[in-house]
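Chain by chain, the residues run as shown.
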Amino acid sequence: MIFSAHGGDSMKQKLTSPGVARFTKALLGILFYAGIAVTVSLPWTMRWAARFYPSFAARLTLHTALFLLAGVCAVLILFELRRMLKTVVSGDCFVHQNVSSLCRMAYYAFAIAALMAVRLIVLFTPGMLAIVCVFLLAGLFSLVLAQVFDRAVSYKQDNDLTI
C-alpha cells in the first residue's frame, strides 16, 4: 500500500482533501476556456507562425486544419474531465456517465494521435512523435479506466441492491 507507510495516512488525507478537488476544478476550468480561445485563434496564430517557419508555411492550410481538429478534440477531453470531476466532488463517481466520458476521451485522444500522425508524415519532428505516443497511451489508459469504472459501477449496483 502506498499510503500505509510512515506518515502515509497524512499524505492520503492531503491528496483527498476538498482543496485538491477545488484546485483541480479551477485548473480544468482555466484550461478549458484557454483551450477554446487558442483553438478559435488558430487561423490567425498559424499564419503568424508561418512567417518564421518556411517548411510550415508550405502546407499552412493542412497544418491549420490538423491543429484545429486536434484543438477541438483536446477541448472535448477537458469538457469530459470537468464532467467527471463533478461526480467526484458530489461523492458519486462510480456512475455509467463516467464510463461513457472515459470512452469518449479515449476516442478523442486516438483522434489527436491520428491527426498528429498525419502531421508527422508531412513534417517530421521528434516532438510530434512524442505527442502521437502520449495520446495513444492516453487513449489506451482511458479505455482501461473505463473498464475499471464499469466494473466498479456493477459492484456498486450489486451492493446497493443487497442493502
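Residues numbered from 1 in each chain as written. Predicted model: local features only at pLDDT ≥ 70, side-chain atom pairs only at ≥ 80, totals over all residues. Heavy atoms only, no water.

(A) Looking closely at helix α4 (residues 60-90). Here α4 is 31 residues long and its end C-alpha atoms lie 45 Å apart, about the 45 Å a rise of 1.5 Å per residue gives. Immediately downstream of α4, the backbone of Gly-91 shows phi near 85 degrees, a positive value. (Helix = DSSP H or I, 4+ residues; strand = E, 2+ residues; numbered from the N terminus. Expected span 1.5 Å × (residues − 1).)

(B) Local environment of the side chain of Ser-101. Its location among the elements puts Ser-101 in helix α5 (residues 96-122). If we skip the residues at most four places from it in the chain, Ser-101 touches Glu-80, Arg-83 and Met-84. (Contact = heavy atoms within 4.5 Å.)

(C) Focus on the nonpolar core. Among the nonpolar cores identified, the biggest contains 20 residues, and Ile-77, Leu-102, Ile-112 and Met-116 are the most heavily contacted of them. Of all elements in the fold, only α4, α5 and α6 (126-162) reach the threshold of two or more residues within this core. When residues of this core are assigned to their parent elements, the largest contribution, 10 residues, is made by α5. (Core = buried A, V, L, I, M, F, W, Y, C linked by side-chain atoms within 4.5 Å. Buried < 20%, exposed > 50% of the residue type's maximum accessible area, 1.4 Å probe, protein only.)

(D) Local environment of the state of the cysteines. Across all of its chains, the model carries 0 disulfides by this definition. Residue Cys-73 stays outside any disulfide, its sulfur separated by 16 Å from that of Cys-103, the closest cysteine. The class for Cys-73 is buried, based on a relative accessible area of 11%. (Disulfide = S-S within 2.5 Å.)

(E) Fine view of a nonpolar patch on the surface. Side chains of Tyr-33, Ile-36, Val-40 and Trp-44 sit close together on the surface and give an oily, nonpolar patch of about 460 Å² of accessible area. Taking relative accessible area as the criterion, Trp-44 reaches 57% and is therefore assigned exposed. (Patch = residues over 30% accessible without salt bridge, like charges linked within 9 Å, V, L, I, M, F, W, Y side chains within 5 Å. Areas by Shrake-Rupley, 256 points an atom, 1.4 Å probe, with all protein chains shown as cover. Salt bridge = Lys/Arg side-chain N within 4 Å of Asp/Glu carboxyl O.)

(F) Inspection of the packing of aromatic side chains at higher detail. For the coordinates displayed, the defined rule picks out 4 aromatic pairs. A centroid spacing of 6.3 Å and a plane angle of 40 degrees characterise the contact between Phe-32 and Phe-79, whose relative ring orientation is tilted. Taken as a pair, Phe-32 in helix α2 (residues 18-50) and Phe-79 in helix α4 lie far apart in primary sequence, 47 residues in all. Measuring from centroid to centroid gives 5.0 Å for Trp-48 and Phe-52, while their planes differ by 70 degrees, and the two rings are edge-to-face. Counting every residue linked through ring pairs, the aromatic cluster contains Phe-32, Tyr-33 and Phe-79. (Phe/Tyr/Trp six-rings, centres within 6.5 Å; stacked < 30°, edge-to-face > 60°.)

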